[in-house]
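Chain by chain, the residues run as shown.
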Amino acid sequence: MTEPLVQIHKLTKHFRLGIRDTVHAVDDVSFDIRPKEIVGLVGESGSGKSTLGKTIIGLHAKTAGSVTFAGRRLPFRFSTSHFRKFANRMQMIFQDPYSSLNPRMTVGEIIAEGPKLLGTKGRVKIKHETREWLERVGLNADHVSRYPHEFSGGQRQRIGIARALILEPDFVICDEPISALDVSVQAQVINLLGELKDSLGLTLLFIAHDLSMVRYVSDRIAVMYLGSLIELGPADEVFFNPKHPYTQVLIGSNPEPDPKFERSRTFTKIQGEIPSPVNIKPGCRFASRCPKVMDVCRKKAPELRNIAANGKERLVACYLYEDE
Amino acid sequence: MTANSLLQVSNLHVEFTTYGGIVHAVRGADFHVERGETLAIVGESGCGKSVAVQSVLGLIPIPPGRITQGEAILDGHQILGHQTIEGKDIRGNRVGMIFQDPMTSLNPTMTIGNQIAEPLKLHRKMSGAQAKKRAIELLEMTKIPEAAKRASQYPFEFSGGMLQRAMIAMAIACEPDLLIADEPTTALDVTIQAQILELIKDLQQEVGMGLILITHDLGVVAGVADRVVVMYAGEILESGTADEIFFAPSHPYTLGLLSAMPTNRRDVVQTLMPIPGSPPDLFSPPEGCGYAARCPQAMEACVANRPTQFTVSDSHFSKCWLHHEACEHRVLEVQQV
Ligand SMILES: Nc1ncnc2c1ncn2[C@@H]1O[C@H](COP(=O)(O)OP(=O)(O)OP(=O)(O)O)[C@@H](O)[C@H]1O
Ligand SMILES: Nc1ncnc2c1ncn2[C@@H]1O[C@H](COP(=O)(O)OP(=O)(O)O)[C@@H](O)[C@H]1O
Ligand code: SF4
Ligand code: SF4
Ligand SMILES: [Mg+2]
Ligand SMILES: [Mg+2]
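Quick caveat: nothing in here was measured; it's all calculated off a predicted structure.

**As for the overall build of chain A**
Then step 1. Counting secondary structure elements, chain A contains 10 helices and 12 strands.
Then step 2. Taken over C-alpha atoms, the radius of gyration comes to 21 Å for chain A, in line with the 20 Å a tight globule of 324 residues would show.
Then step 3. Across its three principal axes, chain A shows a C-alpha extent of roughly 65 × 50 × 45 Å.
Then step 4. Buried positions account for 46% of the 324 residues belonging to chain A.
Then step 5. The long-range share in chain A, meaning contacts at least 24 apart out of those at least 6 apart in sequence, stands at 64%.

What follows is the structure, given as structure tokens:
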């Protein structure tokens, strides 16, 4: 098996709220991302997806745990020089194409900002590459002097992609890159990401809540619930044969654009909503809503274990699959 | 359409005057809802879904808004420009409404129970005690646990999904004939969305009301709609039963939307087909077919001539020149797998 590009080991990110309260945004998450693969990360809002992404690339200092990138341990807390050092290795594309671009900068300035800060390329070369990237993401090179508000949501997301990829990173975290876009435009952005991934050999962590889209783009799917990683496996395995009771409910709730399928759907209903991540109780985090909860579940959190035989990978954190 | 549809909207035109010019938000929309039926209005952001429905109920600001043409008949009564039918309020009484953001209809300084009781006192002339009792029953109907306790809480004490339930309780309090739900689950997670949609479906059957569901999510449409109208750039381009729209789409735009979405069939490798470009500017809408600039099947005639409505079946209509008998081409068929 090839060496992973990113190794996330027992990564934890807590936020302190006042003196007594702690938000367990990400708790003890471990998994690997292999070179040139796309890992989809799903989970309900507030489950910690964005925080995990930001902690991996150093936008948040870690509370505990480590991230190893291309065999090198990343710093616990990033300084400005660390960001500069890793800018051409790791990048993040953000959810909101409206607020993530500075409205007072031209599109050319936005895209060229990264390479200028890095200072490894001359001005003429940067200018040339900026125009090249605009074309590459399906915009017009002559758009360099326009401002973000002159573009539609889908076009702005392309600008965000150009801004991240002009730095030629190996690894890109896309945090809900299509959630704010209309259906017809989502497919434009997804196909563009797919083409660029193939031509540049990118490795992607693709965060989204649209399960069908995640299945479409990903090689493997990781599922988070309340700060914990609860299931991970090949995309179709997780989608068509979910193991964790929460993943089962999540996929059972995913609307399909197919009335016949919807009419025959049998509902696995769960009660209630995702609990607060403040001061989490011991035990399985899904216990308060799990239709299959047992006594043991409330005592100690189940660990993420491989339940597949013959060298395959199927990671699940649930007592239903222990002692098999 | 039947002679006595619950709601019948014809040839609706709505404009807004803005500093950038006049926005032609709705450009000739026809739709109807029957009693007990669910009609979904789908389309991309800004295509006029909310304005089409809100203008009928007098919910758009006038000015800058203006209904320039059209007719809307609710249960036999002309309602455009009217707030009441035979002296009784339409909104909150004959027609209930739920929105994407519950806080647009909830008052943050009033308990949930009192807010639900309010329309009952107003429209149903219930006493305070009666209305309060009914409010708790309604919260129970929307499956809010510990309804009596919850009734005395304020909106900030409710989660997003619970607020949506409370708003539904308020909307159905007066047993409306028609419920309008504008993106009721767009802000919610899928598991909560599934709960809320189930709830709306159950209540609709229990109460027998007509439902207009406005959404951009074709997955949600497939799960709840009897009939569907597809809007684009202020027009209704196609309408039909849910099965007709999903399994025999007869407009290139509907086909384009469906081909741009992932579906989950095991062992089928799908390639998403994006629709190039973006919707037209409604300040100066296209003269001919609104979809011509993006349509892979566009013909010369489409650019200058606005398509008329063609009948595909008794329940299925499409505004596309490909259905004209003189046209040699046909709407491409769905790639059935
Ligand atoms: N008060 C207003 N003033 C000016 N223009 C308006 C106003 N309300 C709506 N519009 C315009 O009318 C058009 C249709 O808007 P509408 O809100 O109906 O879209 P929609 O289909 O409901 O979109 P969404 O899915 O984003 O809710 C848009 O171009 C919008 O900008
Ligand atoms: N800077 C912060 N300070 C305090 N709490 C935060 C901060 N960022 C995120 N959180 C909390 O951490 C949890 C996970 O958030 P997030 O990673 O944004 O979730 P997701 O991206 O899955 O929706 C949430 O409860 C959120 O409110
Ligand atoms: S560990 Fe227990 S509570 Fe948690 S998901 Fe499994 S069965 Fe449910
Ligand atoms: S009328 Fe012409 S442009 Fe419009 S949808 Fe039909 S074929 Fe396409
Ligand atoms: Mg997020
Ligand atoms: Mg709307």
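**Brief notes about the site of ligand 2**
Residues and elements named next belong to chain A.
Then step 1. Neighbouring ligand 2 are the residues F15, V23, A25, G43, S45, G46, S47, G48, K49, S50, T51 and P277.
Then step 2. When residues of the shell around ligand 2 are traced back to their parent elements, those giving at least two are β2 (21-33) and α1 (49-56).
Then step 3. When residues of the shell around ligand 2 are assigned to their parent elements, the largest contribution, 3 residues, is made by α1.
Then step 4. Looking at the shell around ligand 2, its residues break down into 4 nonpolar, 7 polar and 1 charged.

**Topic: the site of ligand 1**
All names here are of chain B.
Then step 1. Near ligand 1 there are 17 residues, and of these F16, A25, S45, S50 and V51 occur at the shortest range.
Then step 2. Only β1 (7-18), β2 (21-33) and α1 (49-56) provide two or more residues apiece to the shell around ligand 1.
Then step 3. Tallying contributions element by element places α1 first for the shell around ligand 1, with 3 residues.

**Quick notes on the sheet that holds β2 of chain A**
Residues and elements named next belong to chain A.
Then step 1. Read across the open sheet, the 4 strands follow the order β2-β1-β4-β5; overall the sheet is antiparallel. The open sheet has two free edges, formed respectively by β2 and β5 (72-73), since each of these has just one partner strand.
Then step 2. Direction of pairing for strand β4 (residues 64-69) relative to β5: antiparallel, over a ladder of 2 bridges. For T68, the partnering residue across the bridge sits in β5 and is R73.

**A short note on the packing of helix α5 (residues 160-172) of chain B against helix α6 (residues 190-207) of chain B**
Residues and elements named next belong to chain B.
Then step 1. Where α5 contacts α6, the two axes come as close as 10 Å, and the packing angle between them is 15°. The angle between the axes of α5 and α6 places the two elements in the roughly parallel class. As for how α5 packs across α6, the hand of that crossing is right-handed. Facing G161, Q164, R165, I168 and I172 of α5, the residues of α6 in contact are I192, Q195, I196, L199, I200, L203 and V207.
Then step 2. Its residues assigned to classes, the contact of α5 with α6 comprises 8 nonpolar, 3 polar and 1 charged.

**Details of helix α2 (residues 112-124) of chain B**
Residues and elements named next belong to chain B.
Then step 1. Helix length check: α2 (13 residues) gives 18 Å between terminal C-alpha atoms against 18 Å at 1.5 Å per residue, within 8%.
Then step 2. Among the residues of α2, I112, G113, Q115, I116, A117, P119 and L120 are the ones counted as buried.
Then step 3. Where the residues of α2 are buried, they touch α3 (128-141), α4 (147-151) and α5.
Then step 4. K125 sits one or two positions beyond α2 and adopts a positive phi of about 50°.

**A closer look at the sheet that holds strand β6 (residues 90-93) of chain A**
Then step 1. Judged by pairing direction, the sheet is mixed, and its 8 strands sit side by side in the order β6-β7-β8-β3-β9-β10-β12-β11 (chain A) without closing on themselves. For this open sheet the edge positions go to β6 and β11 (305-306) of chain A, each flanked by a neighbour on one side alone.

**Details of the interface of chain A and chain B**
Then step 1. With 35 residues of chain A at the contact, the number on the chain B side is 37 residues.
Then step 2. Among the elements of the structure, α6 (183-200), α7 (211-217), α8 (235-240), α9 (245-252) and α10 (259-264) of chain A are those that each provide at least two residues to the side of chain A that touches chain B.
Then step 3. The biggest single contributor to the side of chain A that touches chain B is α6 of chain A, with 8 residues.
Then step 4. Partitioned by chemical class, the residues of the side of chain A that touches chain B number 15 nonpolar, 11 polar and 9 charged.

**Description of the pairing of β6 of chain A**
Residue and element names in this part refer to chain A.
Then step 1. Residues M90 and M92 of β6 are buried on one face, and the alternating residues Q91 and I93, pointing to the opposite face, are buried as well.
Then step 2. Relative to strand β7 (residues 171-175), β6 is paired through 4 bridges, and the arrangement is parallel. Residue I93 lies in a different strand from β7, and its bridge partner there is C174.

**Quick notes on unusual backbone geometry**
As a rule of thumb, non-glycine residues mostly have phi less than zero, and peptide bonds are mostly trans rather than cis.
Then step 1. A cis amide bond links I62 of chain B to the next residue, P63 of chain B, at an omega of -20°.
Then step 2. Mapped onto the fold, P63 of chain B is located in the loop between α1 and β4 (65-74).
Then step 3. With omega at 5°, the peptide bond leading from P63 of chain B into P64 of chain B counts as cis.
Then step 4. For P64 of chain B, the position within the fold is in the loop between α1 and β4.
Then step 5. Although it is not a glycine, L226 of chain A adopts a positive phi angle of roughly 45°.
Then step 6. You can see L226 of chain A is positioned in the loop between β9 (220-225) and β10 (228-234).

**A few points about helix α5 (residues 153-165) of chain A**
Each α-helix winds once per 3.6 residues, and so residues spaced three or four apart point in a common direction.
Residue and element names in this part refer to chain A.
Then step 1. In a regular helix each residue adds 1.5 Å, so 13 residues correspond to 18 Å; α5 covers 18 Å between its end C-alpha atoms and thus fits that length.
Then step 2. With respect to burial, α5 is a largely interior element, 12 of its 13 residues being buried.
Then step 3. Of the residues making up α5, those classed as buried are G154, Q155, R156, Q157, R158, I159, G160, I161, A162, R163, A164 and L165.
Then step 4. In this structure, the buried side of α5 is in contact with β6, α3 (107-118), α4 (123-136), β7 and α6.

**Quick look at the nonpolar core**
Then step 1. Ranked by internal contacts, the top residues of the largest apolar core, which has 193 residues, are F206 of chain A together with V221 and V230 of chain B.
Then step 2. When near neighbours in sequence (up to four residues on either side) are disregarded, V230 of chain B contacts V42, G43, I236, L237, E238, I245, H251, Y253 and T254 of chain B.

Cut-offs applied
Residues numbered from 1 in each chain as written. Chains lettered and ligands numbered in written order. Predicted model: local features only at pLDDT ≥ 70, side-chain atom pairs only at ≥ 80, totals over all residues. Helix = DSSP H or I, 4+ residues; strand = E, 2+ residues; numbered from the N terminus. Rg over C-alpha atoms; globule rule 2.2 N^0.38 Å. Buried ≥ 20, exposed ≤ 12 C-beta atoms within 10 Å, placed from the backbone. Contact = placed C-beta atoms within 7 Å. Near = placed C-beta within 6 Å. Nonpolar A, V, L, I, M, F, W, Y, C, P; charged D, E, K, R; others polar. Pairing = 2+ DSSP bridges. Axes fitted to C-alpha atoms, helices over the stretch in contact; angles between N-to-C directions. Parallel < 35°, antiparallel > 145°, perpendicular 65-115°, else oblique. Left-handed = near helix turned anticlockwise from the far one by under 90°. Expected span 1.5 Å × (residues − 1). Core = buried A, V, L, I, M, F, W, Y, C linked by C-beta atoms within 7 Å.

These figures capture arrangement, not role.
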